[in-house]
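Residue-level listing of the chains:
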Amino acid sequence: MKKALIDPTTQVQEITGWTLNPDSSGPKYLPVLVAIPNSARVAEVIDQAFEVAPPLFWVDCADDVVADQWYYDTATQKIIVVPPSAPLPGTTGTQSV
């Protein structure tokens, strides 16, 4: 079992859709980000915990947990995978950013 470093000061966001970028010199689409309720960032996953300053803290986690791809639910005290991003317009499936 591994250890996940939880940062309760950083709420996790998911990409729920895309909007056209009004700046034509930038990317064509910008993500629509929505905060995941009761979420805290999984900042790091390691084999052995070390001392950290509050409010950071460690929790046990499964071996397949990856930092910033999972989040800690502060209500249920469970680590949950971040939902897949909404697909870019004109594509199928999920996109990673």
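Residues numbered from 1 in each chain as written. Predicted model: local features only at pLDDT ≥ 70, side-chain atom pairs only at ≥ 80, totals over all residues. Heavy atoms only, no water.

A.B. asks: Teacher, can you tell me more about the pairing of strand 6 (residues 70-73) here?
C.D. replies: Working note: regular strand, side chains alternate between the two faces of the sheet. Burial along strand 6 is two-sided: the residues Trp70 and Tyr72 and Tyr71 and Asp73 are all buried. Bridging between strand 4 (residues 39-46) and strand 6 involves three bridges; their strand directions are antiparallel. Looking at strand 6, one finds that Arg41 is bridged to Tyr71. Taken together, strand 6 and the strand that follows it, strand 7 (residues 78-81), pair antiparallel across an intervening segment of four residues, in which Gln77 is found at a positive phi of about 60°. (Buried < 20%, exposed > 50% of the residue type's maximum accessible area, 1.4 Å probe, protein only. Helix = DSSP H or I, 4+ residues; strand = E, 2+ residues; numbered from the N terminus. Pairing = 2+ DSSP bridges.)

A.B. asks: In this structure, what is going on with the packing of aromatic side chains? I would like to understand it.
C.D. replies: Any two aromatic rings considered together are summarised by their centre-to-centre distance and by the angle between their planes. Under the counting rule described, the total for this entry stands at two aromatic pairs. Relative to Tyr72, the ring of Phe57 lies with its centre 5.5 Å away and its plane at 80°, an arrangement referred to as edge-to-face. Remark: Tyr72 occurs in strand 6 and Phe57 occurs in strand 5 (residues 57-61); sequence separation between them is 15 residues. Residue classification places Tyr72 among the buried residues on the basis of a relative accessible area of 7%. (Phe/Tyr/Trp six-rings, centres within 6.5 Å; stacked < 30°, edge-to-face > 60°.)

A.B. asks: What is the right way to look at the nonpolar core in this model?
C.D. replies: One recurring pattern in soluble globular proteins is that nonpolar side chains are buried together. In this structure, Ala4, Ile6, Ala40, Val42, Val59, Cys61, Val65, Trp70, Tyr72 and Ile79 together form the largest nonpolar core, which totals 10 residues. Apart from residues lying up to four places away in sequence, Ala4 is in contact with Val42, Glu44, Val45, Phe57, Trp58, Val59, Cys61 and Ile79. (Core = buried A, V, L, I, M, F, W, Y, C linked by side-chain atoms within 4.5 Å. Contact = heavy atoms within 4.5 Å.)

A.B. asks: Which parts of the structure should I look at to understand the environment of Val65?
C.D. replies: With respect to the helices, strands and loops of the structure, Val65 is situated in the loop between strand 5 and strand 6. We classify Val65 as buried; its relative accessible area is 7%. For the pair Val65 and Ser85, spaced 20 residues apart in the sequence, the C-alpha separation amounts to 18 Å. Filtering out sequence-adjacent residues up to four positions away, Val65 remains in contact with Val42, Val45, Trp70 and Ile79.

A.B. asks: Would you explain the side chain of Asp73 in this entry?
C.D. replies: The topology assignment puts Asp73 in strand 6. Buried within the structure, Asp73 lacks any salt-bridge partner; its nearest side chain of opposite charge belongs to Lys78, at an N-O separation of 9.1 Å. Within the structure, the side chain of Asp73 is placed 3.0 Å from the backbone nitrogen of Thr76, a separation counted as a polar contact. Leaving out residues up to four positions away in the same chain, Asp73 has contacts with Asn38, Lys78 and Ile80. (Lys, Arg positive; Asp, Glu negative; His and termini not counted. Salt bridge = Lys/Arg side-chain N within 4 Å of Asp/Glu carboxyl O. Polar contact = N/O pair within 3.5 Å; in protein donor to acceptor, adjacent residues only side chain to side chain.)

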